[in-house]
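# Structural description and commentary
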Amino acid sequence: MVGVIDIGSNSIKVLVAARGADGRVVAKKLRTIEARISAGISADHPRLGAEGMERGVAAVTELTTDVQAFHADKIIIVATSAVRDAENGAEFCARVKDATHVEVRVLSGAEEADLIGRGLLCDPQLAGERDFYVFDLGGGSLECLAFRDRRVVQEDSLPLGCVRLTEKFVPDAAAPFRPEAAAAIAAHVRAIVAAANFSLAIQAVAIGTGGTLTAVRSVLAARAGQVNEQVPPDISIRQLRDMLEQVGGLPLADRRKVPGLPPGRADVFPAALATLIAVADLGGFEAYRHSLYNLRWGLAAEALS
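Below, the structure is looked at part by part. Keep in mind the model is a prediction, meaning the values are calculated, not measured. (Residues numbered from 1 in each chain as written. Predicted model: local features only at pLDDT ≥ 70, side-chain atom pairs only at ≥ 80, totals over all residues. Heavy atoms only, no water.)

## Some words on the pattern of salt bridges
One pass over the structure, following the stated rule, counts 18 salt bridges. We note a salt bridge from aspartate 22 to arginine 24, for which the minimum N-O separation is 3.9 Å. Classification of arginine 24 as partly exposed rests on a relative accessible area of 42%. A salt bridge links arginine 105 to glutamate 302; the shortest N-O distance between them is 3.3 Å. (Salt bridge = Lys/Arg side-chain N within 4 Å of Asp/Glu carboxyl O. Buried < 20%, exposed > 50% of the residue type's maximum accessible area, 1.4 Å probe, protein only.)

What follows is the structure, encoded as structure tokens:
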């Protein structure tokens, strides 16, 4: 059994997993803490703030205790874009190690994308898919992968995370999200994807992972009086546009009251939706198929292999 803690820009997550009798990776525990360690990530010289680091260390410590309750054979702690890009990322990693006695592995963009791809292959709902794209939207970056015959043929980590783009293009996150901000984000996404030479030329299913689509399903579930698992995993771009108009059009104080939307994600939610819509427009996608099998699952599969 292994415990994996993923220190993201917006949230910190744990997966405790083991190999099932059929060889598949099976979750024993999943939990997310919205810690937001990444304020200031869009700066030319980003640094993690004192409060963000305190929230992050506290969250990792709490999740480490969760893992220890399962007597896991190994605890893996990884950090992604926010820590990778911060000038004082090493200081934060040292604080985590002091608190948990576990070394933090800071993933490169390529490692992060590769492990997300490995995690997606654990999803039984994707067992029949051969060719597909994967887009994992975090707070600091957007991981993009292209699978052909279930093998990764393209991967890139792009600086298009929702915290980063909110800081860059939303002058007042407390106010209703403006069409001008959506247009600026769309133009920025087009420019970054073009510069990365990530090809979206082949028609294939678009798989979406990350907290934004999880939140979208939660909001849709709350509206229907259901739980997330009862909402179909295919989320249309029309649904994303409608949610951006309805939820993004609210001031932040009201956005935080939307049933199903985590209050700690409400400020960056409109920019995240605008980013996913812009990517879909570039690729001609009509929907994203939501999957919960991402980075943590890839790390668990690697550790349990």
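Once you've had a look at it, read on.
## Quick notes on empty space enclosed by the protein
All chains considered together, the criterion is met by 3 cavities of 30 Å³ or more. One number sums up the size of the largest cavity: a volume of about 240 Å³. Along the walls of the largest cavity sit 21 residues, with Asp6, Gly8, Asp136, Leu137 and Gly138 positioned nearest its centre. For the lining of the largest cavity, the elements supplying multiple residues, two or more each, are strand E2 (11-19), helix H4 (109-120) and strand E6 (132-137). Here the lining of the largest cavity is built from residues that sort into 3 nonpolar, 13 polar and 5 charged. (1 Å grid on protein atoms, 1.4 Å probe; cavity = no way out; pocket = protein on both sides within 12 Å on 5 of 7 lines; lining within 4 Å. Points joined across faces, edges and corners; volume = space filled by probe spheres on them. Helix = DSSP H or I, 4+ residues; strand = E, 2+ residues; numbered from the N terminus. Nonpolar A, V, L, I, M, F, W, Y, C, P; charged D, E, K, R; others polar.)

## Things to note about the nonpolar core
A general feature of soluble globular proteins is that nonpolar side chains tend to end up buried together. Within the largest apolar cluster, 77 residues are counted, with the highest numbers of intra-cluster contacts made by Ile7, Ile12, Phe92, Phe135, Leu240 and Tyr288. Of the residues forming this core, the biggest block, 10 residues, is contributed by helix H10 (residues 269-283). Apart from the residues within four sequence positions on either side, leucine 240 is in contact with Leu213, Val216, Ile235, Leu273, Leu276, Ile277 and Tyr288. Counting residues in hydrophobic clusters, the runner-up holds 25 residues, among them Val25, Ile76, Leu107 and Ile116. (Core = buried A, V, L, I, M, F, W, Y, C linked by side-chain atoms within 4.5 Å. Contact = heavy atoms within 4.5 Å.)

## Focus on unusual backbone geometry
One non-glycine residue, arginine 150, lies in the positive phi region at around 65°. Checked against the element boundaries, arginine 150 lands in the loop between strand E7 (142-148) and strand E8 (151-158). Despite not being glycine, asparagine 197 shows a phi value in the positive range, around 60°. Relative to the elements of secondary structure, asparagine 197 occurs in the loop between helix H6 (179-196) and strand E9 (205-209). Given the relative accessible area of 64%, asparagine 197 is considered exposed.

## With respect to the environment of glutamate 143
Here glutamate 143 shows up in strand E7. Residue glutamate 143 is classed as buried on the basis of its relative accessible area of 0%. Along the primary structure glutamate 143 and aspartate 66 are separated by 77 residues, whereas in three dimensions their C-alpha atoms are 28 Å apart. Setting aside residues no more than four positions away along its own chain, glutamate 143 makes contact with Arg84, Gly109, Glu112, Ala113, Ile116, Val134, Phe135, Asp136, Asp156 and Ser157. One polar contact links glutamate 143 to serine 157, side chain to side chain, over a distance of 3.0 Å. (Polar contact = N/O pair within 3.5 Å; in protein donor to acceptor, adjacent residues only side chain to side chain.)

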